[in-house]
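Fold and geometry: a report
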Amino acid sequence: MTKPKVAICWLGGCGGCDEAVVDINEVLLRVAAAVDLVLWPVALDYKYESVKAMKKDEIVLSVVNGHVRNSEQQEIAELLREKSQLVLAFGACACLGGTPGLANLATKQDIFDWVYRDAPTVVNPNGHYPQAVSRVNGKELTLPELHGRVYALDDVIDVDYYLPGCPPPAYSIMYALSAVLENKLPPKGSTLAPHRALCDSCKRNQSKPDRMSIREIKRIHEVEADPDACFLTQGIICLGPATRDGCGEACMNINMPCRGCFGPVEGVEDGGAKFISTMASILDAESNEEVAGIIDQFIDPVGYLYRFSLPAAMLQKRRARNRVDTKEV
Ligand code: SF4
Ligand code: SF4
């Protein structure tokens, strides 16, 4: 019997998502026996040329992690899209842009200037910056071209399913793989995680008072957080009300608040905006001055609210529409 062909690929990411695939332990052996792995660069020596030689839709599933920041990543994403029946955006970087998406707060030129000129450890007396094409000893050398910003995978290609998390937990990977292999997939475009907020399953939820209100905002390192009480009631920012459930509460279990790696809850386009609305409903302030005083204690709101999702946020997209760099993709 012909086994379904599966590709696993890493675009711009930290490698943690590929590690997460290995974390399914012995199940990986069963998966490897059930499918024909045709690409997994981090683990085995496959060639993109072999994928290029395949027919359209020959691969049943491509599992793609990482964001798209340069021309090579874009080409690989487009190649896998052409050759695959299904594309799964795997992990926060592929689904939403991920933590590297915070680089969208700077321009490409800012980044180059810092990395190749201004950082204290840089020694670059001739002021060389990377070039997409260089000539050395009469030969032409090429490098991938950096795009003007970080893109989520579905900014570049059509995506069939999304598996969030930084990285996705092992049980959700197994669920996604078995859904594909057993042909029990939900409608195209679905996120393969619960359609409810993290607060709905959080053990600390029961500690919330009927009417929650906060008068100050504290950072997690400034206090000894009660391990049983809701972080928000302690004045510690926790994105649980605006974040999709399904992570297994790995952060909660080590007394760290949610930072939103599972992305917005179902039906919410912008998790950061949703959380701001939650905050507005629980601030205990009598005047605009008091509100401003509390909000001033919220250090680095973009870094908190869009840590994993800035490239996919509505604000980012609106801003990017006005910039020439969107023409790159
Ligand atoms: S989602 Fe997280 S673990 Fe996966 S590549 Fe991005 S930063 Fe790494
Ligand atoms: S805000 Fe955070 S700590 Fe509180 S119930 Fe929701 S997820 Fe749990």
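Residues numbered from 1 in each chain as written. Chains lettered and ligands numbered in written order. Predicted model: local features only at pLDDT ≥ 70, side-chain atom pairs only at ≥ 80, totals over all residues.

For the protein, the count of helices and strands is eleven helices and nine strands. Its C-alpha atoms give the protein a radius of gyration of 22 Å, within 12% of the compact-globule value 20 Å for 329 residues. Along the longest, intermediate and shortest principal axes, the C-alpha atoms of the protein span 70 × 60 × 35 Å. In the protein, which comprises 329 residues, the share counted as buried stands at 36%. Pairs at least 24 apart in sequence give 75% of the contacts found in the protein among residues at least 6 apart. (Helix = DSSP H or I, 4+ residues; strand = E, 2+ residues; numbered from the N terminus. Rg over C-alpha atoms; globule rule 2.2 N^0.38 Å. Buried ≥ 20, exposed ≤ 12 C-beta atoms within 10 Å, placed from the backbone. Contact = placed C-beta atoms within 7 Å.)

Bringing the nonpolar core into the picture now. Ranked by internal contacts, the top residues of the largest apolar core, which has 70 residues, are Cys-9, Val-64, Leu-88, Ala-89 and Leu-153. Both domain 1 (5–99 + 150–181) and domain 3 (198–298) contribute no fewer than three residues apiece to this core. If we ignore the near neighbours within four places in the chain, the residues touching Val-64 are Cys-9, Leu-11, Ala-77, Leu-80, Val-87, Leu-88, Ala-89, Phe-90, Ala-94 and Leu-153. (Core = buried A, V, L, I, M, F, W, Y, C linked by C-beta atoms within 7 Å. Domains from an automatic or database assignment.)

With that out of the way, let us pick up the site of ligand 1. Around ligand 1, the structure places 13 residues, and the nearest of them are Gly-13, Gly-16, Gly-91, Cys-93 and Cys-166. Of all the secondary structure elements, the ones that give two or more residues to the shell around ligand 1 are α1 (16–22) and α5 (92–96). Partitioning the shell around ligand 1 into residue classes produces six nonpolar, seven polar and no charged. (Near = placed C-beta within 6 Å. Nonpolar A, V, L, I, M, F, W, Y, C, P; charged D, E, K, R; others polar.)

What follows concerns the site of ligand 2. By nearness alone, 13 residues border ligand 2, and Cys-199, Cys-202, Cys-230, Cys-238 and Gly-240 come closest of all. Tallied by class, the residues present in the shell around ligand 2 amount to ten nonpolar, two polar and one charged.

On to the pairing of strand β5 (residues 84–90). For β5, the buried fraction is high: five of the seven residues fall into the buried class. Examined bridge by bridge, strand β3 (residues 59–65) and β5 share six bridges and lie parallel to one another. Counted as the bridge partner of Ser-62 is Val-87 from β5. Pairing of β5 with strand β9 (residues 161–163) involves three bridges; the strand directions are parallel. If you follow Phe-90 over to β9, its bridge partner there is Leu-163. (Pairing = 2+ DSSP bridges.)

Here the protein is partitioned into domain 1 (5–99 + 150–181), domain 2 (111–147) and domain 3 (198–298). Centre-to-centre separation of domain 1 and domain 2, based on C-alpha positions: 30 Å. With five residues of domain 1 at the interface, the matching set in domain 2 holds four residues. Across the side of domain 1 that touches domain 2, the residue classes break down as one nonpolar, two polar and two charged.

Mapping Ile-299 onto the fold places it in the loop between α9 (288–295) and α10 (301–305). A sequence separation of 108 residues divides Ile-299 from Thr-191, and the C-alpha atoms of the two residues are 31 Å apart.

The residue after Cys-166, namely Pro-167, is reached through a cis peptide bond having omega -10 degrees. Among the secondary structure elements, Pro-167 is positioned in the loop between β9 and α7 (170–181). Phi at Asn-183 is positive, roughly 55 degrees, even though this residue is not glycine. Mapping Asn-183 onto the fold places it in the loop between α7 and α8 (271–282). What makes Asn-183 exposed here is the crowd of 6 C-beta atoms within 10 Å. We note that Glu-249 has phi near 55 degrees; this positive angle belongs to a residue other than glycine.

Taken in spatial order, the five strands make up an open sheet running β2-β1-β3-β5-β9, and their pairing is parallel. What marks the edges here is a single partner per strand, and that holds for β2 (36–39) and β9. Between one strand axis and the next, the sheet turns by 25 degrees as a mean value, whatever way the strands run. For strand β1 (residues 5–10) and β3, the ladder comprises five bridges, and the chain directions are parallel. The residue bridging Ala-7 from the neighbouring strand is Ser-62, located in β3. (Axes fitted to C-alpha atoms, helices over the stretch in contact; angles between N-to-C directions.)

Right, let's talk about the environment of Ser-134 for a bit. Along the chain, Ser-134 turns up in strand β6 (residues 133–136). The class of Ser-134 is exposed, set by 12 C-beta atoms lying within 10 Å. Taking the C-alpha atoms as reference points, Ser-134 and Glu-290, separated by 156 residues in sequence, lie 58 Å from one another.

Let us now look at α8. Its twelve residues give α8 an end-to-end C-alpha distance of 17 Å, which sits within 8% of 16 Å, the value for a rise of 1.5 Å per residue. Here α8 has its buried residues at Gly-271, Gly-272, Lys-274, Phe-275 and Met-279. Across the axial projection of α8, the buried residues extend over an arc of 160 degrees, all falling on one side. Every exposed residue of α8 that faces more than 90 degrees away from the buried side is listed here: Ser-277, Ala-280 and Ser-281. Close packing links the buried residues of α8 with α10. (Expected span 1.5 Å × (residues − 1). Arc of directions from axis to C-beta.)

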